[in-house]
Amino acid sequence: MKRKVLIIYTGGTIGMEKNYETGSLMPFDFEHIFRKIPEMNLLECEVSLYSFPEPLDSSDVGTEEWKRIAGCIQERYEDYDGFLILHGTDTMSYTASALSFMLKNLKKPVILTGSQLPIGDLRTDAKENLLTSLYYASLYDGNEAVIQEIALYFEYKLLRGNRSLKHSAEYFDAYQSPNYPVLGQSGVHLNIDKEVLYRPPSGEDFYCDFHLSTDVLFVRIFPGMNLKHFSILPTVKVLVLQVFGSGTIFNNKDTEDTLMKIRDKGIEIVVISQCVSGGIAIGKYSNSNIFHKVGAISGHNITAEAAITKSMHIMGNPNYKNQPFASLFERPLCGEMDIINI
Ligand code: ASP
């Protein structure tokens, strides 16, 4: 039986070609993809295409576009065995993270990929990324999909979407997942590590949660920072603070007063690490005790991308029926973090 995969084309370099007169990259009509990559006709799965009317640079992808992608999957969920989202690389990890919170109890693969060089370029990485992603998006073991989560495939590696981050604007090997093992690797053989794949709670039906709050702000702490700038937070409901190392910040009264004032305004403070690997261990150093005092929430070893989109997903979400923000944030919802105990 041929598995059916829907490609959702949103934009990005993967769907561009060089205009040799102007030298700049322009989106090409993605309907012509089968002509550009004739190998797609040899695939064992049946591929259909849905394109965004205007291909987007991924810096233009935000909450409305995440809802569009999620809605597109929701509407066609029963018609396809797997989904492949073609996306610009710059914000692909944000989209992967957001979708992981929005698409609940997913039982089918949703893979994201893109490329560093356009598909028409001689040295392009688009072809391998696209063909192998289609393989993963159509991989079944009998009646059960092997991947039942949002994954990101790039340069021979399949990563959990909400653990991934883009670390290079230069190299083909542009993504990593520093706090979680690689789900699969493509070499001579296409491998999957079944032990580390996410499984949704059994017996729960797939549904889509479209709630996303935009009252979230992200601030990176730096040495010499003037804390008085925090007074400009009028509409924020969640402040994601990216602090030093395993969770430290300037240990003085000023910092404590500033954070306390933020909390008094009803703003939730989530603390995550500036280090890409490892995470927050409040209490390990005395310079982290302020976070205990002001009731800040530990983001453990979550990525910035997942911390921001998880905050958007939880804050004010009526589907969580008044469960406190902190209790929801501090537990993993879909494999996005591990709890760090000190
Ligand atoms: N600026 C492009 C984007 O993110 C880069 C890419 O696709 O690689 O849409």
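Residues numbered from 1 in each chain as written. Predicted model: local features only at pLDDT ≥ 70, side-chain atom pairs only at ≥ 80, totals over all residues. Heavy atoms only, no water.

**Comments concerning the layout of surface pockets**
In this structure, the largest pocket spans a volume of roughly 430 Å³. What lines the largest pocket is a set of 23 residues, among which Lys 104, Asn 105, Tyr 198, Leu 333 and Cys 334 lie closest to the centre. Of all elements in the fold, only helix H3 (92–102) and strand S6 (103–104) reach the threshold of two or more residues within the lining of the largest pocket. Counted by class, the lining of the largest pocket contains 11 nonpolar, 6 polar and 6 charged residues. Estimates place the volume of the second largest pocket at around 230 Å³. (1 Å grid on protein atoms, 1.4 Å probe; cavity = no way out; pocket = protein on both sides within 12 Å on 5 of 7 lines; lining within 4 Å. Points joined across faces, edges and corners; volume = space filled by probe spheres on them. Helix = DSSP H or I, 4+ residues; strand = E, 2+ residues; numbered from the N terminus. Nonpolar A, V, L, I, M, F, W, Y, C, P; charged D, E, K, R; others polar.)

**Remarks on the pattern of salt bridges**
Pairing is possible between side chains that carry opposite charge, provided their charged atoms lie close to one another. Applying the stated criterion to the full structure yields 15 salt bridges. Across the pair Arg 160 and Glu 149 runs a salt bridge whose closest N-O atoms are separated by 2.7 Å. With Arg 160 in strand S11 (residues 157–160) and Glu 149 in the loop between strand S9 (144–145) and strand S10 (150–154), this residue pair connects regions lying 11 residues apart in the sequence. Of the residues examined, Arg 160 reaches a relative accessible area of 3% and is grouped as buried. (Salt bridge = Lys/Arg side-chain N within 4 Å of Asp/Glu carboxyl O. Buried < 20%, exposed > 50% of the residue type's maximum accessible area, 1.4 Å probe, protein only.)

**Examining the sheet that holds strand S18 (residues 238–243)**
In space, the 4 strands of this open sheet follow the order S17-S18-S19-S20, with parallel pairing throughout. Of all strands in the sheet, those bounded by a partner on one side alone are strand S17 (216–220) and strand S20 (297–298). The pairing of strand S19 (residues 268–273) with S20 spans 2 bridges and is classified as parallel. Bridging from a neighbouring strand, Val 270 pairs with Ile 297 of S20. Here helix H5 (residues 253–264) sits on the sheet in contact with S18 and S19, set at roughly 130° to S19. Those strands touched by helix H7 (residues 304–314) are S17, S18 and S19, and its axis lies near 155° from that of S17. (Pairing = 2+ DSSP bridges. Contact = heavy atoms within 4.5 Å. Axes fitted to C-alpha atoms, helices over the stretch in contact; angles between N-to-C directions.)

**With respect to the site of the ligand**
Around the ligand sit Gly 12, Thr 13, Asp 57, Ser 58, Gly 88, Thr 89, Asp 90 and Ser 115, and that is every residue in its neighbourhood. Asp 57 is positioned with one of its side-chain polar atoms (N or O) 2.9 Å from a nitrogen atom of the ligand. Protein coverage of the free-state accessible area of the ligand, which is 270 Å², stands at 88%. Here the residues of the shell around the ligand sort into no nonpolar, 6 polar and 2 charged. (Near = heavy atom within 4 Å. Polar contact = N/O pair within 3.5 Å; in protein donor to acceptor, adjacent residues only side chain to side chain. Areas by Shrake-Rupley, 256 points an atom, 1.4 Å probe, with all protein chains shown as cover.)

**A word on the side chain of Asn 162**
Structurally, the position occupied by Asn 162 is in the loop between S11 and strand S12 (165–166). According to the relative accessible area criterion, Asn 162 is buried, its value standing at 2%. At 3.1 Å, the side chain of Asn 162 and the side chain of Ser 100 are in polar contact. In this structure, Asn 162 is in contact with Ser 97, Ser 100, Thr 303, Ala 306, Cys 334, Gly 335 and Glu 336, ignoring residues within four places of it in sequence.

**Structural notes on the packing of helix H2 (residues 63–76) against H3**
To describe two helices that pack against each other, one gives the angle between their axes and the distance between the axes. As a packed pair, H2 and H3 sit with axes 10 Å apart at the nearest point and diverge in direction by 55°. On the basis of their axis angle, the class for H2 and H3 is oblique. Crossing of H2 over H3 shows right-handed handedness. Of the residues in H3, those in contact with Trp 66, Lys 67, Ile 69 and Ala 70 of H2 are Tyr 94, Thr 95, Ala 98, Leu 99 and Met 102. The class makeup of the residues in the contact of H2 with H3 is 7 nonpolar, 1 polar and 1 charged. (Parallel < 35°, antiparallel > 145°, perpendicular 65-115°, else oblique. Left-handed = near helix turned anticlockwise from the far one by under 90°.)

**Considering the pairing of S18**
Where burial is concerned, most of S18 is hidden: 6 out of the 6 residues are buried. Taking every second residue as pointing to the same face, both faces of S18 are buried, with Val 238, Val 240 and Gln 242 on one and Leu 239, Leu 241 and Val 243 on the other. Here S17 runs beside S18; their pairing, made up of 5 bridges, is parallel. Note on S18: the bridge partner recorded for Arg 220 is Gln 242.

**So, H3**
Counting buried residues in H3 gives 10 out of 11 residues, a clear majority hidden from the surface. Within H3, burial applies to Met 92, Ser 93, Thr 95, Ala 96, Ser 97, Ala 98, Leu 99, Ser 100, Phe 101 and Met 102.

Treat this as a map of the structure, not an account of what it does.
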